[in-house]
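Examining the three-dimensional arrangement
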Amino acid sequence: MNPTRVLIVEDESRIRKFLRISLEAHDYIVQESRLGAEGLELCAARQPDLLILDLGLPDMDGIQVLKRLREWSDLPVIVLSVRAAEAEKVAALDLGANDYMTKPFGVSELLARIRVLLRDRGPDSTSPQVLESDGLKMNLLTREVTRDGQRVHLARKEYDLLHLLLAHPGRVLTHRHILTEIWGPDRNEETHYLRVLVRQLRIKLGDDPTAPRYIQTAQGVGYRLAPGTD
Amino acid sequence: MKQAQTHEPSSALAMPHWKAYFIALASVIITTGLAFMLHRVLPLASLSLLFLTGILIVSARLGLRAGLAASILSFLAYNFFFTTPLHTFAVHDDGDVATLLFFLIMATISGNLAARMHREMRQRQDSLHRISKMFEFGRRMSSAAQTGQVLTALVDELAEELNSPVAVLVPGDDGQWREAARTSSAAVPLESVQEAWDRASDEPLALDGRLFLKLGAGPVAMVVVDRAPGQQEAQDLARSFCDQAAIALDRTLLASDLDEARVATEREQLRTALLSSLSHDLRTPLASVIGSTSSVLECGAAISEDDRNELLRNTLEEARRLDRYIQNLLDMTRIGQGGLSLERNWVELHDIVSGATARLDLVPGQFPLTVDIPRDFPLLWVHGALLEQALVNLLDNATRYSPRDGHIGITARQQGDQAIIEVTDQGPGIPPGEREKVFDMFYTASDSGDSLGTGLGLAICRGMVAAHAGSVAAGEGPGGKGTRMRITLPLAQHSGPVPER
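Residues numbered from 1 in each chain as written. Chains lettered and ligands numbered in written order. Predicted model: local features only at pLDDT ≥ 70, side-chain atom pairs only at ≥ 80, totals over all residues. Heavy atoms only, no water.

With that out of the way, let us pick up a negative patch on the surface. All names here are of chain A. On the surface, a cluster of negative charge is made up of D11, E12, E38, E41 and D59. For E41, the position within the fold is in helix α2 (residues 36–46). Judged by relative accessible area, which is 56%, E41 ranks as exposed. (Patch = residues over 30% accessible without salt bridge, like charges linked within 9 Å, V, L, I, M, F, W, Y side chains within 5 Å. Areas by Shrake-Rupley, 256 points an atom, 1.4 Å probe, with all protein chains shown as cover. Salt bridge = Lys/Arg side-chain N within 4 Å of Asp/Glu carboxyl O. Lys, Arg positive; Asp, Glu negative; His and termini not counted. Charge placed at Lys NZ, Arg CZ, Asp CG, Glu CD. Helix = DSSP H or I, 4+ residues; strand = E, 2+ residues; numbered from the N terminus. Buried < 20%, exposed > 50% of the residue type's maximum accessible area, 1.4 Å probe, protein only.)

Okay, here's the thing in structure tokens:
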């Protein structure tokens, strides 16, 4: 199998350094750029399998880079942002970024998210009939859901939510995305509905909300299904 | 809206002239009619008194001119209808001439008296009015707490009394004039203000149809009346209002100076505390980071892999601690400036707790941490990140002062329309006298040997909870040991249940 190529667009050299070292240690091939414009060119020229994009670049707004990229590519993108810039992260996700990391971050979490994104784009990207993650199994044909073998009975919207999360295990989904998928575009500001629904689903799945095994909250951004070991 | 007082000439009463003359004529006709009815019964002399009565009444009510008119008309009627030769205007008798004369004199005297009486009554009313206005204004001045209020009251009062737009201008340090208060239609003549300022003394100055008055000891400002009143009286009135305002201004300006001084002192104190905290609390974790990593580099293969990993773990922990401290500093500056803008949303308390424990690397079940929050605890309408930070700070404290196997608890319950969230630990506890002081900025427990805390955590916690109209208090832990930190937050209602599609 071809080794995976990762492009890092980040202006801080020491961050690029530890990213390169860690990624190469996991057999990724790493390319780097300090600037947004150059990064876009490299995306076009070298066709990486994944992009790590810092939102605070000196020459261009990271969001702009993302917008331009999404005009012609659906390359998986993880954006790097600072804490308390929640709105920026949500904007990036809504514009097509697939996940985010908040600086300062430890590299193990980044590696986990990279794995998740690359797995999603694996060669077997035809729609599967069964979705599973960490003991949860959802059969899309029979609509049967089991957890560690035990049958779980879900209401309509609870099923929809779990389906959405299971389709992208480990990846963050913004509130707006989830609300739009489940309630439609008119209700995509109503976080209250979503919180209540998540609560119900967690109860059905036997998930401890203060230390959830399945449904994790990305505060101020959205939800993700815990990546699970695969 | 009150109408402005106008001061009319003394002889006219509140009635147009033609109307007065008409009434005079009418009364003479009535009197003549009466005289006809009575002239067989009464002697001629009495008839003249009848006419005189009519004249007196007209004169007293309608003023001098009408009275004179009535007296002339009365004489003519009396002469024509009642004196010999009848039906002529000829006068034969000396007595008749005298009658006419007396008619005229009576009319004049009573007319004058009446006019004077009216005038004095009006003047008295005006005086009373003015006095009560001054009194009212005086009250407003003494109760005004701020300079702005004083100036606004002044322009409103002057505008009403002088029936003109009014503005107050203050000179800036750069020589530019800017307006401090004005009525809505006032035009601000920036060019003429400087000239008026240079020329004017303590007395009001009339210039280009406007009236300029200097305001306050200093003086501090210039009052500009768009339409200068003609009378001296009005100018004097304006001056008295300005004098009263000046007294109030002395007071309000002094008060705001004191306020500024106080704020400046507080800011200075905070800065000092911040600098000393920075110096210590930034350097301490850095000392570990630099020490640990340089050890790894220096000793290389000479140290075991376990030791090396431990040093690196220390480095990571201390660096994270530094990160939390920096976050606290940032939060503190935001709170200090009153600049905490809340982006509220519906937040699950459980999520806040799991976020907070994750940031501190606490795992319920591993560390002796128990979480007891009902599954259906109401959603909070709060700014999630801020509340999480508040909880992180409380937990940080709890873990820091907890003994090795000490139990830490997080509980929550609903009480009416309040949420009560508590963090308990089994540490040394906080003495009653210090339970408020711990929330002061940069306060650290003095008996804590290696002062682990930065002293900011609790202050920030309080700031963030207070921004949500909540409160946080320290108390005795369960069983009388340790500490219980209690956060109280108002709960909000969401309208309606979750809709099905």
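On the surface, I30, L34, M37, L38, V41 and L42 of chain B cluster together into a nonpolar patch covering about 560 Å² of accessible area. Counting through the fold element by element, L42 of chain B comes out in the loop between α1 (17–38) and α2 (44–62).

Structurally, T488 of chain B can be placed in strand β12 (residues 483–490). Among residues more than four places away in sequence, those in contact with T488 of chain B are Q418, A419, I420, V465, G470 and S471 of chain B. (Contact = heavy atoms within 4.5 Å.)

Let us now look at the interface of chain B and chain A. Chain B puts 27 residues into the contact, and the matching count from chain A is 25 residues. Both sides together, the interface formed by chain B and chain A hides about 2,400 Å², and carbon and sulfur atoms give 50% of it. Between E348 of chain B and R199 of chain A there is a salt bridge whose closest N-O contact spans 2.6 Å. Counting every contact that joins chain B to chain A gives eight residue pairs in polar contact (both at pLDDT 80 or more). (Buried area = accessible area lost by both parts, 1.4 Å probe. Polar contact = N/O pair within 3.5 Å; in protein donor to acceptor, adjacent residues only side chain to side chain.)

With that settled, the discussion passes to the pairing of strand β12 (residues 222–225) of chain A. Side chains on a regular strand alternate between the two faces of the sheet. Residue and element names in this part refer to chain A. Burial along β12 is two-sided: the face carrying G222 and R224 and the face carrying Y223 and L225 are both buried. Pairing geometry for strand β10 (residues 172–174) and β12, over three bridges, is antiparallel. Note on β12: the bridge partner recorded for L173 is Y223. With four bridges joining them, strand β11 (residues 215–218) and β12 adopt antiparallel strand pairing. Looking at β12, one finds that I215 is bridged to L225. In textbook terms, the turn of a hairpin is the stretch between consecutive antiparallel strands, and for β11 and β12 this stretch comprises three residues, one of which, G220, has a positive phi near 80°. (Pairing = 2+ DSSP bridges.)

These values are about where atoms sit, not about what they do.
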